[in-house]
Every structure is written in structure tokens, then in C-alpha cells.
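In case you want the letters, here they are:
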Amino acid sequence: FSFMFLLYGNMRNRTSMELSTKKSKVTYLYWIMIALWILIGMRDVRYGRDTLGYVINFKEATSFNFHDSAEPGFSILVSTVRAITSNYHVYLMVASLSTVVAMYKIMKRYFSDSYEIIAAICIYTLLGILAFNMAALRQTIAVSCGIFAFMYAIEGKWKHFLACVAIAYTFHNSSFILLALYPLQ
């Protein structure tokens, strides 16, 4: 909640004229997403039902092992980050990057002013989606790929759409449902 109050206080200090320009909207959105990314990545292992399990899995990862997982994309992610560092905060930040980038792209493209952005962040936080993003890493990465797939489906870029669905499937097997978006034209 303190994150939301910080954003609200920042919004109240700005004039509506200042926030109406496209450049200020993008800059404001950029800094909100950076703050959100840091918040998600620097959380304690006690926050989020599955976070501790993901961190233990990360700390025990020793090599690229694709045979033990039905989701090889996630195994590659864990093994790659583990080969670089043993800091689980770096791992959580890398894992949450796709979520923050997907949210940034959606908000930048479809929201017309900063007030819509702050409303979306409040809804995102209050409805528990933020908590879900902190707890379910594999699912969240797959959903982020699904957001990109949706954007490509709307644009009619079917090769990109199928690539995003395939990547999402490597993180969570339920992502095949994204193929239902294929008829969008």
C-alpha cells in the first residue's frame, strides 16, 4: 500500500497540464515500472506462497538440467541466472522483468494519460494481481508472453504471435490456451 500512496502523492504534486504530454506520460510510466520492478525483485522470501520454493530451487540449481522439468524455458532461466550469480534477488528481478516490460508496453500503448496509469496500478495492486505476480513466477512469465502474443495477434503478426505462444509454453504448459487468440484479425 505504501507504493500506491507514494504514486498518489507524486501524482498530486504534478499539474494535469504537465501530465498531459506524451513525453511526461512515458517518463512517469517508466519510473513507476522501475519502482515496481525493484519492489517485486527485492522482496523477502516469506512474501508470496511459492517464493521460498522458487528460491530454494534457484539455490540448488547446479547445471542446465532439462530432463527434470516439463517447462524447459524456466529451467534455462534458473540455470542461466544461477551460473551468473547466487543472489536470489537478482534471480527474482530477472524473473519479474518480463511482467514489468509487458505491463509497460500495454500501458504505453493503450492508456492515454497518467491518471489512467495510476488507476491501473492501483487496481493491479488492490485486486491481488501484484501478489500473484510475486508468488507464481512461471505462470507470470507465461502470462507476460501471452500479453505480447495478444498484441501481435491484434497486429496480425502471426509468426511473432506463434513464437510468443511457444516461449510461453516453455514456462507453463497451460499456455497452449493462447492459441485461441489465433482467429483474431
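Residues numbered from 1 in each chain as written. Predicted model: local features only at pLDDT ≥ 70, side-chain atom pairs only at ≥ 80, totals over all residues. Heavy atoms only, no water.

Considering the pattern of salt bridges
Next up, step 1: With the rule as written, the count across this model stands at three salt bridges.
Next up, step 2: In this structure, Lys 157 and Glu 155 form a salt bridge, with 3.4 Å as the shortest nitrogen-oxygen distance.
Next up, step 3: For Glu 155, a relative accessible area of 37% puts it in the partly exposed group. (Salt bridge = Lys/Arg side-chain N within 4 Å of Asp/Glu carboxyl O. Buried < 20%, exposed > 50% of the residue type's maximum accessible area, 1.4 Å probe, protein only.)

Focus: the packing of helix H4 (residues 51-60) against helix H5 (residues 72-84)
When two helices pack together, their arrangement is given by the angle between their axes and by how far apart the axes lie.
Next up, step 1: Closest axis-to-axis distance for the H4/H5 pair is 9 Å, and the angle between their directions is 60°. The orientation of H4 relative to H5 falls into the category oblique. Judged by the sense of rotation from one axis to the other, the crossing of H4 with H5 is right-handed. Contacts from Tyr 54, Asn 57, Phe 58 and Lys 59 of H4 reach H5 at Phe 74, Val 78, Val 81 and Arg 82. (Axes fitted to C-alpha atoms, helices over the stretch in contact; angles between N-to-C directions. Helix = DSSP H or I, 4+ residues; strand = E, 2+ residues; numbered from the N terminus. Parallel < 35°, antiparallel > 145°, perpendicular 65-115°, else oblique. Left-handed = near helix turned anticlockwise from the far one by under 90°. Contact = heavy atoms within 4.5 Å.)

Brief notes about the packing of aromatic side chains
Next up, step 1: Counted by the stated rule, this structure contains four aromatic pairs.
Next up, step 2: Ring geometry for Tyr 30 versus Trp 31: centroids 5.2 Å apart, planes at 80°, classification edge-to-face.
Next up, step 3: Ring geometry for Phe 58 and Tyr 91: centres 4.5 Å apart, planes at 10°, overall stacked. With Phe 58 in helix H4 and Tyr 91 in helix H6 (residues 88-110), this residue pair connects regions lying 33 residues apart in the sequence.
Next up, step 4: The positively charged end of Arg 82 is found above the aromatic ring belonging to Phe 58, 5.6 Å away from the centroid. (Phe/Tyr/Trp six-rings, centres within 6.5 Å; stacked < 30°, edge-to-face > 60°. Lys NZ or Arg CZ within 6 Å of the ring centre and 35° of its normal.)

Considerations on the nonpolar core
Next up, step 1: With 26 residues, the main nonpolar core has Phe 74, Leu 77, Tyr 91 and Leu 137 as its most contacted residues.
Next up, step 2: Secondary structure elements with two or more residues in this core: H4, H5, H6, helix H9 (137-155) and helix H10 (158-171).
Next up, step 3: Contacts of Leu 77, omitting those with residues within four sequence positions, involve Val 94, Ala 95, Ile 141 and Phe 171.
Next up, step 4: In terms of nonpolar packing, the next biggest core, distinct from the first, is built from 18 residues, Val 26, Ala 120, Leu 130 and Met 134 among them. (Core = buried A, V, L, I, M, F, W, Y, C linked by side-chain atoms within 4.5 Å.)

Examining the packing of H9 against H10
Next up, step 1: Contact pair H9 / H10: the axes reach a minimum separation of 8 Å and the direction vectors enclose 170°. Judged by the inter-axis angle, H9 sits roughly antiparallel to H10. For the pair H9 and H10, the contacting residues are Arg 138, Ile 141, Ala 142, Cys 145, Phe 148, Ala 149, Tyr 152 and Ala 153 in the first and Trp 158, His 160, Phe 161, Cys 164, Val 165, Ile 167, Ala 168 and Phe 171 in the second.
Next up, step 2: Partitioning the contact of H9 with H10 into residue classes produces 14 nonpolar, one polar and one charged. (Nonpolar A, V, L, I, M, F, W, Y, C, P; charged D, E, K, R; others polar.)

Concerning the state of the cysteines
Next up, step 1: Under the counting rule described, the total for this entry stands at zero disulfides.
Next up, step 2: Take Cys 145: it sits in no disulfide, and the sulfur closest to it among the cysteines is that of Cys 164, at 6.3 Å.
Next up, step 3: Overall, Cys 145 belongs to the buried group, its relative accessible area being 12%. (Disulfide = S-S within 2.5 Å.)

Regarding the layout of surface pockets
Next up, step 1: Reported here for the largest pocket is a volume of approximately 280 Å³.
Next up, step 2: Together, 16 residues line the largest pocket, and Met 103, Met 107, Tyr 124, Ile 129 and Ile 147 are the ones closest to its centre.
Next up, step 3: The set of elements that each furnish at least two residues to the lining of the largest pocket consists of H6, helix H7 (114-126), helix H8 (129-135) and H9.
Next up, step 4: Ranked by the residues each element gives to the lining of the largest pocket, the list is headed by H6, at five residues. (1 Å grid on protein atoms, 1.4 Å probe; cavity = no way out; pocket = protein on both sides within 12 Å on 5 of 7 lines; lining within 4 Å. Points joined across faces, edges and corners; volume = space filled by probe spheres on them.)

Digging into H9
Next up, step 1: With 19 residues, H9 should cover 27 Å at 1.5 Å per step; its first-to-last C-alpha distance of 27 Å lies within 8% of that length.
Next up, step 2: Along H9, the residues classified as buried are Leu 137, Arg 138, Thr 140, Ile 141, Ala 142, Ser 144, Cys 145, Gly 146, Ala 149, Met 151 and Ala 153.
Next up, step 3: Buried residues along H9 sit in contact with H4, H5, H6, H8 and H10.
Next up, step 4: Directly after H9, the chain includes Gly 156, whose backbone phi takes a positive value near 80°. (Expected span 1.5 Å × (residues − 1).)

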